[in-house]
Amino acid sequence: MGAYGLFLVSGLAVGALYALGGVGLVLLNRATGVLNFAYGAIGGLGAMAAWQILQWGYPEPIAWAVCLAIAFLLSAGYGAAIAPKLAHREPVVKAVATLGFGIAILGAMNLLWVVNPRKLTLALDGIAINVLGLRMTGTRLLALIAGFAITAGMSLFLVKTRLGLMMRVLADDRQQAAVLGTPIRKVETIAWGFSGVMAGITGMLFGDLVRLDPAVLTFIVIPIIATTVVGRLTSIRTTFLAGLAIGVIESFLTLYKPLAPFRVASPFIVAILALLWLQRGRKLTFAGAD
Amino acid sequence: MISISDITVAFGGVRALNKVSVDLSDPVVGIIGPNGAGKTTFLNVLSGFITPLSGSIRAFGSEILPMPPHRRSRWGIRRSFQKEQVVDELTIEDNVGVVLDSLGLGSAERERHLAAALEFCGLSALRKTRAGGLNAFERRMTEIARCAAGKPKILMLDEPGAGLSQIEMDRLRQVILDIHSFNGAMTLLIDHDVDLIQAVCSSTMVLDFGSLVVAGPTRDVLSDPRVRAVYLGVEEVA
Amino acid sequence: APSCGLNNGKKAEGEPILVGAVVGRTGPDDFSSSSKAAQAFFNCVNENGGINGRPVKYMVEDDQWNPEVAGQVAAKLVKDNKVVALVASASFVEMGVNAKLYADENVMSMASGCAVAECFESKNIVSTNEGPLPSSVGAAQWAVANLGSKNVVCIGLTIPTVGQYSCGWTEKYMQSKSLNGSSVLIDPGTADMNSAYLEAVASGADTVLVNLPAGMAAAFLQVVMESGTQDDFKWISSTPLYDKDVPGLLGDAWSGKMYVNAELTPIDGTGPDATNWREIMDKYGDVSDPRDTFSQAGYLSARFFVDAMMKLDPAKIDRATVTEAIRAIKNEKSDLLCGPYYVGPGDRHMPNHANVMMQMIDGGFKQVGECTDVDSAYLDPIRAQEKELGISSN
Amino acid sequence: MSRITIHNLNVRRGHKRAVDDFSLTLETGRITALLGPNGAGKSSLVLALAGVLPIESGSVEIDGKALAGKAPEVIRAAGLAAVPEGHRVLSGLSVLDNLLAAGFGHSRVEADRAVADVFAIFPELAERKAQLAGSMSGGQQQMLALGQALVARPKFILADEMSLGLSPLIVKRLMGVIVKLAEQGTGILLIEQFTHIALKVASEASVMSRGRLTFSGAPATLLEEPEILHRAYLAQ
Amino acid sequence: MQVQVQTSEAAVSHRSEGGRSRLLSELGAPLALLIVAMVLPAFAAALWLKVMTSVVIYTLTAASIGLLYRKLGQVSLAQVAFMGCGGWVALRLAYGTSMPFEINILLGGLFAALVGMIFAYPALKMRGLYLALVTLMAAGGFGILINVLQFPNGGPGLLGFAVKSVSYMPRPWLAQTDAAYLRYCAIVVALGFGLIHLHERTKPGRAWSLIRRSEAVAMSVGINVTGYKIWGFGLSGFLAGVAGGLLAGNLQLLDARSFPPAESVMIFALTIVGGAWHWYGAVIAALLYRFMPALLNDIGVNGDAAYIIFGAALIHALMTAPQGIAGQIAGLANRLTGRKEDRP
Ligand SMILES: Nc1ncnc2c1ncn2[C@@H]1O[C@H](COP(=O)(O)OP(=O)(O)OP(=O)(O)O)[C@@H](O)[C@H]1O
Ligand SMILES: Nc1ncnc2c1ncn2[C@@H]1O[C@H](COP(=O)(O)OP(=O)(O)OP(=O)(O)O)[C@@H](O)[C@H]1O
Ligand SMILES: [Mg+2]
Ligand SMILES: [Mg+2]
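These remarks concern the structure in this document. Each chain carries its own residue numbering, running from 1 in the direction its sequence is written. Working convention: letters from A go to chains and numbers from 1 go to ligands, in the order in which they are written. Per-residue local features of the predicted model are confined to residues with pLDDT of at least 70, and side-chain atom pairs are confined, for both listing and counting, to 80 or more; whole-chain, interface and lining totals are unaffected and use all residues. Derived side-chain values reflect all non-hydrogen atoms in the structure, with water molecules and hydrogen atoms excluded from consideration.

Residue and element names in this part refer to chain A. Two numbers describe how helix H6 (residues 162–172) lies on helix H8 (residues 184–209): the axes approach to 10 Å, and their chain directions differ by 105°. Considering the angle they form, H6 stands roughly perpendicular to H8. Contact residues: H6 offers Leu163, Met166, Met167 and Leu170, while H8 offers Ile184, Val187, Glu188, Ile190 and Ala191. Partitioning the contact of H6 with H8 into residue classes produces eight nonpolar, no polar and one charged. Note on geometry: axes are C-alpha line fits, over the in-contact stretch for helices, and angles between N-to-C directions span 0 to 180 degrees. The helix count covers DSSP runs of H or I at least four residues long, the strand count covers runs of E at least two residues long, and both are numbered beginning at the N terminus. Geometric relationships in this document are graded by angle, where less than 35 degrees denotes roughly parallel, more than 145 denotes roughly antiparallel, 65 to 115 denotes roughly perpendicular, and other angles denote oblique. Here, residues are in contact when the closest pair of their heavy atoms is within 4.5 Å. Nonpolar residues are Ala, Val, Leu, Ile, Met, Phe, Trp, Tyr, Cys and Pro. Charged residues are Asp, Glu, Lys and Arg, and all others, Gly as well, are polar.

This is the structure:
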């Protein structure tokens, strides 16, 4: 067990971050049909702002509040002002438009904060417990717990609540949703704002646990997308599990020297393999799809 | 002559087709039944989009089921779709001619088949027009021309009359009636317009809940009490 | 008062001499510090009689960390603007892409921030800084001598011309002393520092050499803190951690425990050049310009360049004479460098290959080792060159 | 009694005017049949009334309250429910969710009751509660689409090509439902390609051609003088 | 659904007129552009020569994306990675063999085509965003793979990489200078466009159109959907691979940092902005991708500010020009020449 347990826990700790990010992406996709490439950048700007607040000497709760507020406003702003104008385009076009948003945010971050090594330190970093020989800080536990809680909460929210149903309706067919009387602009803005808050949480945790660097936080969205691919962009639970699995696989690859340098590719490899496995035996076309 | 035996299709728990066995031999055969009866599924089995759980299909001496869909088309099974499928950015001649591409014809022969099919469906004047500008009727006719071009053995039309006006219906009726003499192919026609079925189909099969209710001469089928109950609603024929 | 050029207080009015630089400003890191120092130095020279009356017009281009852009802006400087030389360039990508251009166009680049192997192995590029290889080996060498390290694990980037180049030669150094060395290479985009650290722990090392950019190093060291095993190892690092912001970034836990190699002499040195550099930055630079090792290197590159230009007939300063003059630079001394600076005709250049060690302590740094020449077989051809040129090492 | 007044309505689609100076009045309790050839602009009219297509000019009022330019959910809440052509249902959602989605205007309890009423009218749907709407047959989807309009308990239903692709039995049932709704006081705009079906149940008939209203009067007139319709079809 | 409608409008506005005049109008503009590319190098400054060479090369990449998108309705977010594949092989061959440049980039293209075909396999059963993400995963994997393996730099062995300074890839003997190389690239790219045109005009083009409409209908008219889809991805990969070879020849080396997955997404986005429905959309896309940033850089706009401008412009273009900039130009041209757009 020894070393393996250590690597398992270490992998879970990183996987929780992938998972958390992935769940936020899937949620927005379930609600609005948009895959948000700017997710990382939104969280990144929140985290940078939080760092600034801490730097100025304000207490941590204020930093959290500012981070979440900024992420909420950025995301909801996009959802209110830009997303509706692109609503009639294909999902891929909607997705790449968010990349434009992400890049603009990245540019703004680099303008506001000259590239420099920074570190975000949160109070929870200070406490730690020992799991299978690996010390885990409070922040890492928070990531894992937040991942579980949000996964469970969101799955229920989408299925059980009216707002959740509205979001699913909106994502399914926007025009029809409007005809049926769904307040689409409102629901859309709420969904984006909600996902922005999740991006903020993710950004804070990434900023603390991975690196507080605008470019890294912006582009971390790409390996995170791997988890959503495994979850077929719809299953929150699968996405969460995929995130954990990717973290663990990445961690275990360290043990095998020849593959160790490639281990960062594990999100992508896991995504492609999972996909091939998921669609084994599927027919080329099926009635109803065309 | 198509002989179908024991075809069963299930989607999850739903039996969309249940041990359907029937022999079809008239030039135009109607397929009717309530919504969700399995008519489109039946065509999907014939064209190879759905693999049945059991059963076999022999048509004109060939075993159909082992062939992949595109081979069936080359062999001679053609179909139109419940939602019309014409490609907007292609011209009418390309929309129709594409079916001849895979038949390995010489260019003269290809042109001959193409011209004949367009003429048959009354589209000759429009052949260089892009399909994007066509109206619903012209689009339907383009689809039928695509099915009829070359030397098909079986044409399957899934609700070709849906959404057409009465005048257009009359022309459609004429085209369907003429297919057999145009290229010798047999036609399977799904439609909910009983007048159309009555006018063009010498025999008809009726599906309900995936099972064959009855098959035979159209007149007999339409007066069958079971059909009147499940499909027509009793007073309709009375 | 700062000293530069002719020191005559007269503004140079002659025909400008065009000098260029390519720096990586926009991207994962900002490498523009050296060009800012050079700019300050040139400002000073222009205010003080210029190069025998001719001012320097300094053009700095941003390669955006993009090889294509690097090629474009270099072509602009070298072919369109016809600069006589490049001074104080600092980049991750530029040197590799443009070495051929510089050789073809017979133009010298007196760089200040080289990071990759290509930079030190090109005929027309010479850098004032020494890059990750001597810096890592120097750190390991010092740890062996002063901390009693027997087994060093080098944490580097997977980019081979950086990671393998520097960590690889550190391993070779350890082997040459019959000690153990190993490397853990991590992808620049990695989120997972845990496994890298576990891998390092598994190597059985007693000393960890952190050979990463400061931001990644901070992330790596945070994982170390989380694991609570900081005291199981001795900690050394290459130059990137020698930055005034780093002690604050890492936190007090590292105070007194981390030893950092510096490629040039300490930023708070008191020698004439160290003082002059700071004064020039204060008077001719911007307050926001960093005062770091790269700034020192940029200052030195500019100073050596101007010194060489001063020897030329100002009317005959063109690319050919400038290139020749730069190649002729020999035995330039400065208290900012551990050894003499020279260029020479060779097809590889690494004039700076001695360094000092600093201890991170009390939110700052304290020098703990004197200038030490790096002991690596990589330097054999360099030393042969020096012998031939008659370079006197300190 | 409520009334929808459409006055000089213009709707543009691309570079073409799909609805051209169109005026019509609908009343609760009455079925108005709207006939016309393919491309006449009937569906565009429905979508514009539902608030999905932008209106270029003209007014739409329900009991004097302006609807033109309002958001779709506002129009829906005002009592106008559209059933667009082509049985557009939310294909990735279950049948039950489809119906619940149509009841956002009601309280939860009220919505559940409305859904139960729809299940009573279309037991087929109750059987397929959990099935994804997209995997149902065309006719089943059409039932669902009408069911969605019913859940809203609207004052007016605009039903576009409802009989398209439906078996005669179902058409008859749906028409029965429509007639019953009218009797219970709902106003209905019935757009049909099969003119005889529509004319049989309608109390008013209008003909549309090239976006314009070309006839408005009693259904019997159209049955007696089929040339009116023919002319409209030929004009297109 | 919406997209299909747009397609039809584009198609309709491009209604052919037949005969010689059609051939002229079809070939006129591309020829004019090619001539510009041939004459331009004589006047352009070295900076713009380099920039224009990049533009020309990425035009081919954008065209390869446009081809997949327009004809098959498929989205590849891995084209820059395909460029990397093609460039890798071309570099390796250039160092390892003495074959002429043309053969090297051709083989590089074929290798990328092969990789494209392998990725077409999962694509067979997917479409839309989901497929796009799968290709993005491939691009992400490539980015990391190449970071570890590196591009060949003249070292020995299978990988041709050694920790040493680079040796530079030789350019074709006809095109040693930057000016000549720009012309050379323009000709290769023109040939690439010819290849695309040839496909679109004939059997594969028709087959792809039907597949785009619906795979079921394509099968029902006898099209081997598997085969044609794989062929489409192969062709697209081939073109991107050739572009990668040209890029290697431009810098005479390649750097692993040039091929991150985000670049693949970016060039796709710009292809849409440029306009995938018109051939010159690819030119516009490449201009936006390589010319605009160079211009901003040259006039001294801070690189970070340029990011903001670029991101905002991207979103703006996607919102306002559903047919891309090329579509707007075409619309304008039609209005100016008074061409009728639709049948009454
Ligand atoms: N992909 C599928 N998954 C699950 N059930 C399906 C699927 N396709 C069809 N069904 C079910 O199979 C049954 C038969 O459907 P089919 O489309 O063949 O009906 P149909 O006779 O063509 O009806 P219509 O006249 O309404 O077109 C229906 O109950 C339908 O819900
Ligand atoms: N999405 C669209 N974009 C542009 N024009 C459209 C669109 N949909 C329809 N049109 C055009 O608008 C006009 C009116 O079409 P509409 O669908 O409203 O007619 P309709 O009377 O409902 O016809 P049908 O009986 O075929 O349903 C037609 O000329 C049609 O070509
Ligand atoms: Mg059907
Ligand atoms: Mg309509």
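Looking now at unusual backbone geometry. All names here are of chain C. Here Asn7, not a glycine, exhibits a phi torsion of approximately 55°, which is positive. Following the sequence through the fold, Asn7 ends up in the segment before strand S1 (17–23). Positioned with a positive phi, Trp65 is a non-glycine residue whose angle comes to about 60°. Considering the arrangement of structural elements, one finds Trp65 in the loop between strand S2 (56–62) and helix H2 (67–80).

With that settled, consider the pairing of strand S3 (residues 31–35) of chain D. Residue and element names in this part refer to chain D. Most of S3 sits inside the fold, with five of its five residues counted as buried. Of the two faces of S3, both are covered, the one formed by Ile31, Ala33 and Leu35 as well as the one formed by Thr32 and Leu34. Here S3 runs beside strand S9 (residues 204–209); their pairing, made up of four bridges, is parallel. Within S9, the position partnered with Leu35 by the bridge is Val207. Three labels apply to residues, based on accessible area from a 1.4 Å probe with only protein chains included: buried if under 20% of the type maximum, exposed if over 50%, partly exposed otherwise in between. Whether two strands pair comes down to DSSP finding at least two bridges between them.

Moving on, we come to the site of ligand 2. Residue and element names in this part refer to chain D. Working definition: residue near molecule or strand if any one of its non-hydrogen atoms lies within 4 Å of it. Near ligand 2 lie 14 residues; those nearest to it are Asn38, Gly39, Gly41, Ser43 and Ser44. Between ligand 2 and Gly39 there is a distance of 2.7 Å, counted from an oxygen atom to a backbone nitrogen or oxygen. Between Glu161 and ligand 2, the recorded distance is 3.3 Å, taken from a side-chain N or O atom to an oxygen atom. Only the protein chains shown count as covering a residue, and every accessible area follows the Shrake-Rupley method with a 1.4 Å probe. Burial of ligand 2 by the protein chains amounts to 74% of its free accessible area of 630 Å². Broken down by element, the residue count for the shell around ligand 2 peaks at three residues, all from helix H1 (residues 42–49). The residue inventory of the shell around ligand 2, partitioned by class, reads three nonpolar, six polar and five charged. The definition of a polar contact used here is a pair of N or O atoms within 3.5 Å, where within protein one atom must be able to donate a hydrogen and the other to accept one, and adjacent residues in sequence count solely through side-chain atom pairs.

Let us look at the sheet that holds strand S3 (residues 28–32) of chain B. Sheet strands line up and pair through hydrogen bonds in the backbone, either parallel or antiparallel. Residues and elements named next belong to chain B. Here we have six strands laid out as an open sheet, ordered S6-S7-S8-S3-S9-S10, and mixed in their pairing. Each edge of the open sheet is held by one strand with a lone partner, namely strand S6 (77–79) and strand S10 (211–217). When strand polarity is set aside, the average angle formed by the axes of neighbouring strands in this sheet is 15°. Bridge analysis of strand S7 (residues 154–158) against strand S8 (residues 186–190) gives five bridges, and the strand direction is parallel.

Our focus in this paragraph is the nonpolar core. Only buried residues count toward a nonpolar core, which is a set of Ala, Val, Leu, Ile, Met, Phe, Trp, Tyr and Cys residues joined through side-chain atoms within 4.5 Å. Judged by nonpolar contacts, the single largest core of 325 residues is most densely connected at Phe37 and Ile225 of chain A together with Leu246 of chain E. Among the elements that take part in this core, helix H3 (residues 46–72) of chain E stands out by supplying 16 residues, more than any other. Those residues in contact with Leu246 of chain E, other than ones at most four positions away along the chain, are Ile57, Phe101, Ile105, Tyr181, Tyr184, Cys185, Val188 and Val189 of chain E. Within the second largest apolar cluster, 147 residues are counted, among which are Phe41, Trp65, Ala218 and Val246 of chain C.

A few words on the sheet that holds strand S2 (residues 16–27) of chain D. Residues and elements named next belong to chain D. The antiparallel open sheet is built from four strands, whose spatial order is S2-S1-S4-S5. Single-partner strands in this sheet number two, and they are S2 and strand S5 (65–66). The sheet contact formed by strand S4 (residues 57–62) and S5 spans two bridges and is antiparallel. Bridge pairing links Glu61 to Ala66 in S5.

Residues and elements named next belong to chain D. Ser43 (OG), Glu85 (OE) and Glu85 (OE) make up the full set of protein donors to the magnesium ion (ligand 4), lying at 1.8 to 2.8 Å. One end of the pair, Ser43, is in helix H1; the other, Glu85, is in the loop between strand S6 (80–83) and helix H3 (95–101), with 42 residues separating them in the sequence. What makes Ser43 buried here is its relative accessible area of 15%. Atoms of type N, O and S within 2.8 Å of a metal are treated as its donors, and for Na, K and Ca the window is 3.2 Å; water is not considered, so some sites may appear to be missing partners.

Let's shift gears to the interface of chain E and chain A. By a widespread convention, an interface's size corresponds to the accessible area lost as its parts come together. Each partner contributes to the interface: chain E provides 52 residues, whereas chain A provides 46 residues. Buried surface area refers to the total accessible area, computed with a probe of radius 1.4 Å, that the two partners give up upon joining, counted for both partners together. Together, the buried faces of chain E and chain A total about 4400 Å²; carbon and sulfur atoms form 78% of this surface. Looking at the side of chain E facing chain A, the largest losses of area belong to Lys125, Tyr130 and Met137 of chain E, adding up to 17% of the total buried there. Between Lys or Arg on one side and Asp or Glu on the other, a salt bridge is scored when a side-chain nitrogen of the former is within 4 Å of a carboxyl oxygen of the latter. Counting the contacts that link chain E with chain A gives zero salt bridges. Taken together, chain E and chain A are joined by four residue pairs in polar contact (both at pLDDT 80 or more). Those elements that provide at least two residues to the side of chain E that touches chain A are helix H1 (2–13), helix H5 (101–123), helix H6 (128–149), helix H9 (215–220), helix H10 (225–251), helix H11 (261–274) and helix H13 (303–320) of chain E. The element that contributes the greatest number of residues to the side of chain E that touches chain A is H6 of chain E, accounting for 15 residues. Taken together, the residues of the side of chain E that touches chain A sort by class into 39 nonpolar, nine polar and four charged.

In this assembly, 32 residues from chain E lie in contact with 33 residues from chain C. Summing both partners gives a buried area of about 2800 Å² for chain E against chain C, and 55% of it is carried by carbon and sulfur. Three residues stand out in chain E for area buried against chain C, namely Tyr168, Arg257 and Asn297 of chain E, and they jointly supply 21% of the buried area on that side. In this structure, Glu68 of chain C engages Arg290 of chain E in a salt bridge whose closest nitrogen and oxygen atoms are separated by 2.9 Å. Sorting the residues of the side of chain E that touches chain C by element identifies H3, H6, H10, helix H12 (279–298) and H13 of chain E as the ones contributing at least two each. Looking at the side of chain E that touches chain C, its residues break down into 15 nonpolar, nine polar and eight charged.

All right, on to the arrangement of the chains then. Among the eight pairs of chains that make contact, the interface with the largest number of contacts is formed by chains A and E. When C-alpha atoms are compared, chain B and chain C, though not in contact, are closest at a spacing of 38 Å. Considering only C-alpha positions, the minimal separation of the non-contacting chain C and chain D is 35 Å.

Let us now look at the packing of aromatic side chains. Residue and element names in this part refer to chain A. The pairing test for Phe, Tyr and Trp rings, Trp by its six-membered ring, is centres within 6.5 Å, and the orientation test on the planes gives stacked under 30 degrees, edge-to-face over 60, and tilted for anything in between. Applying the stated criterion across every chain, the model contains 32 aromatic pairs over all chains. Each ring, one from Tyr78 and one from Trp192, has its centre 4.9 Å from the other, and the planes form 45°; the classification is tilted. Of the two residues, Tyr78 is situated in helix H3 (residues 60–82) and Trp192 in helix H8; the sequence distance between them amounts to 114 residues. For the pair shown, Tyr78 and Trp192 are each scored as buried. Considering the side-chain rings of Phe157 and Phe194, the 6.0 Å spacing of their centres and the 5° angle between planes classify their relative orientation as stacked.

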